[in-house]
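Each chain, letter by letter, is given below.
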Amino acid sequence: MTRYDLAGRVAIVTGGLGGIGRAIARTFLAGGAAVSLWDRAAGERAPDDLAALGDVAARQVDVTDPASVAAALRRDLDAFGHVDALVNNAGILGPVAPSWETPVDAFRRVLDVNLTGAFICAGAVVPAMLARPARDVGGAPYRGAIVNVASIQGKEGMARASAYSASKAGLMALTKTLGKELATDGIMVNAVAPAAAETAMAQQITPERRADILSRIPVGRFVTVEEIAAAVAWLCSPDCSFTTGTVLDLSGGRATY
Ligand SMILES: NC(=O)c1ccc[n+]([C@@H]2O[C@H](COP(=O)([O-])OP(=O)(O)OC[C@H]3O[C@@H](n4cnc5c(N)ncnc54)[C@H](O)[C@@H]3O)[C@@H](O)[C@H]2O)c1
């Protein structure tokens, strides 16, 4: 796989202890970046397998809590000096039930983590990115990138996943909005929309639902976490200097728009 030269770059990966977050962290570390894992489940120590790969910190963060996010950012700025990339990857699936049987509190919680959490993290990190002078990349200012991990379900909707689908659709709209707001500041803001990947999240669904999801993917398999990480790494590299406010599908041919 292509390795991007990310030496000297600092990336925050929310939900960094999960299946996709770890893969993104591994890819950034392989490129020479320092990585801060923001995860509700984090302890004070980064996992040994990631620490063996490079400079990695773990912060216990609840992305829905602005104070928790601000405290983690302060620690990262103290430790690393700056932030070049934010990957809003923390997410929860929520209830798998018809919309009308989904408890309001559960619906709100999914939107809070998957959508408001990304809004809070971007709101904290963007001012820190803007405070740093832009670099010149091909004659244009470049400061860094934000990548929001959405889902193909946000484009299509998915029966029995109203909160999840709505949260990911909202995340795509937030991506496009931030992309427009930051377009001349050299901060590229994009989303990825993966189909299903083999992680703890995918293990929460029944075999029947899993077969149904697989049947919708034309290439006939789930996306790997490494394939997602490779796309995120490109979006966070200075090679991605013009593409902003977009959604990159990783759907094995499922997405039709
Ligand atoms: N696995 C899939 O099939 C799939 C497909 C498309 C998109 N996604 C998206 O990819 C992202 C990562 O999912 P994954 O499959 O790695 O799931 P995962 O369950 O393995 O990891 C999610 C991580 O997010 C953390 N997290 C949850 N709530 C948090 C909060 N409030 N604050 C901080 N951290 C929190 C969890 O502790 C966990 O480590 C999610 O946004 C998910 O919606 C997953």
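Check the entry above for the structure.
Note on numbering: residues in each chain are counted from 1, in written sequence order. Local features in this predicted model are restricted to residues of pLDDT 70 or higher, and side-chain atom pairs are both shown and tallied only at a pLDDT of 80 or more, whereas totals for entire chains, interfaces and linings draw on every residue. In computing side-chain properties, one takes all heavy atoms of the structure into account and sets aside hydrogens as well as water.

Caption draft 1: Representation of the overall build of the protein chain. A count of helical and extended segments in the protein chain gives 8 helices and 9 strands. Looking at the 257 residues of the protein chain, the share that counts as buried comes to 51%. For the protein chain, the share of sequence-separated contacts (at least 6 apart) that also reach a separation of at least 24 residues comes to 71%. Computed by Shrake-Rupley with a 1.4 Å probe, the accessible areas treat only the displayed protein chains as cover when residues are assessed. When the accessible area of the protein chain is evaluated, it comes to approximately 11,300 Å², of which 55% is carbon and sulfur surface. Averaging the locations of the 24 positively and 25 negatively charged side chains of the protein chain gives two centres separated by 2 Å. Secondary structure elements follow DSSP: runs of H or I of four or more residues count as helices, runs of E of two or more count as strands, with numbering from the N terminus. Accessibility here uses a 1.4 Å probe with only protein chains present; expressed as a share of the type maximum, an area under 20% marks a residue as buried, one over 50% as exposed, and anything in between as partly exposed. Working rule for contacts: check all heavy atoms of both residues, and any pair within 4.5 Å makes them a contact. Under this rule, positive means Lys or Arg and negative means Asp or Glu; His and the chain ends count for nothing. Here the site of a charge means NZ on Lys, CZ on Arg, CG on Asp, or CD on Glu.

Caption draft 2: Up close: the packing of helix α3 (residues 66-80) against helix α4 (residues 104-130). It is the contact of α3 with α4, at a shortest axis distance of 9 Å, that shows an interaxial angle of 35°. Like other packed secondary-structure pairs, α3 and α4 cross with a definite hand, here right-handed. The segment α3 lies against α4, with Pro66, Val69, Leu73 and Leu77 engaging Ile120, Cys121, Ala124, Val125 and Ala128. Only C-alpha atoms enter the line fits that serve as axes; for helices the fit covers just the stretch in contact. Angles between N-to-C directions range over 0 to 180 degrees. Crossings are classed by handedness, with left-handed meaning an anticlockwise turn of the near helix from the far one by less than a right angle and right-handed meaning a clockwise turn.

Caption draft 3: A look at the site of the ligand. Summary of the distance rule: residues count as near a molecule or strand when at least one heavy atom falls within 4 Å of that molecule or strand. Lining the immediate surroundings of the ligand are 29 residues, of which Asp39, Asn89, Tyr164, Ala197 and Thr199 lie closest. Each polar contact in these results corresponds to two N or O atoms within 3.5 Å; when the atoms are within protein, one needs to be able to donate a hydrogen and the other to accept it, and residues that are neighboring in sequence are counted only if both atoms are side-chain atoms. Here a nitrogen atom of the ligand and a side-chain polar atom of aspartate 62 are 3.0 Å apart. A distance of 2.8 Å is found between an oxygen atom of the ligand and a backbone nitrogen or oxygen belonging to asparagine 89. Burial of the ligand by the surrounding chains reaches 92%, relative to a free accessible area of 830 Å². Put simply, the ligand lies in the largest pocket. Counting residues per element, the ones that place at least two in the shell around the ligand are α1 (19-30), α4 and α6 (162-181). Gly counts as polar in this scheme, as do all residues outside two lists: the nonpolar Ala, Val, Leu, Ile, Met, Phe, Trp, Tyr, Cys and Pro, and the charged Asp, Glu, Lys and Arg. Residues belonging to the shell around the ligand are distributed by class as follows: 17 nonpolar, 7 polar and 5 charged. Cavity: a set of points on a 1 Å grid over the protein atoms alone where a 1.4 Å probe fits but cannot get out. Pocket: an open set with protein on both sides within 12 Å along at least five of seven lines, its lining residues, like those of a cavity, having an atom within 4 Å of a point. More than half of a molecule's atoms lying within 2 Å of a cavity's or pocket's grid points is what places that molecule inside it.

It is worth stressing that arrangement in space is one thing and function is another; only the former is reported here.
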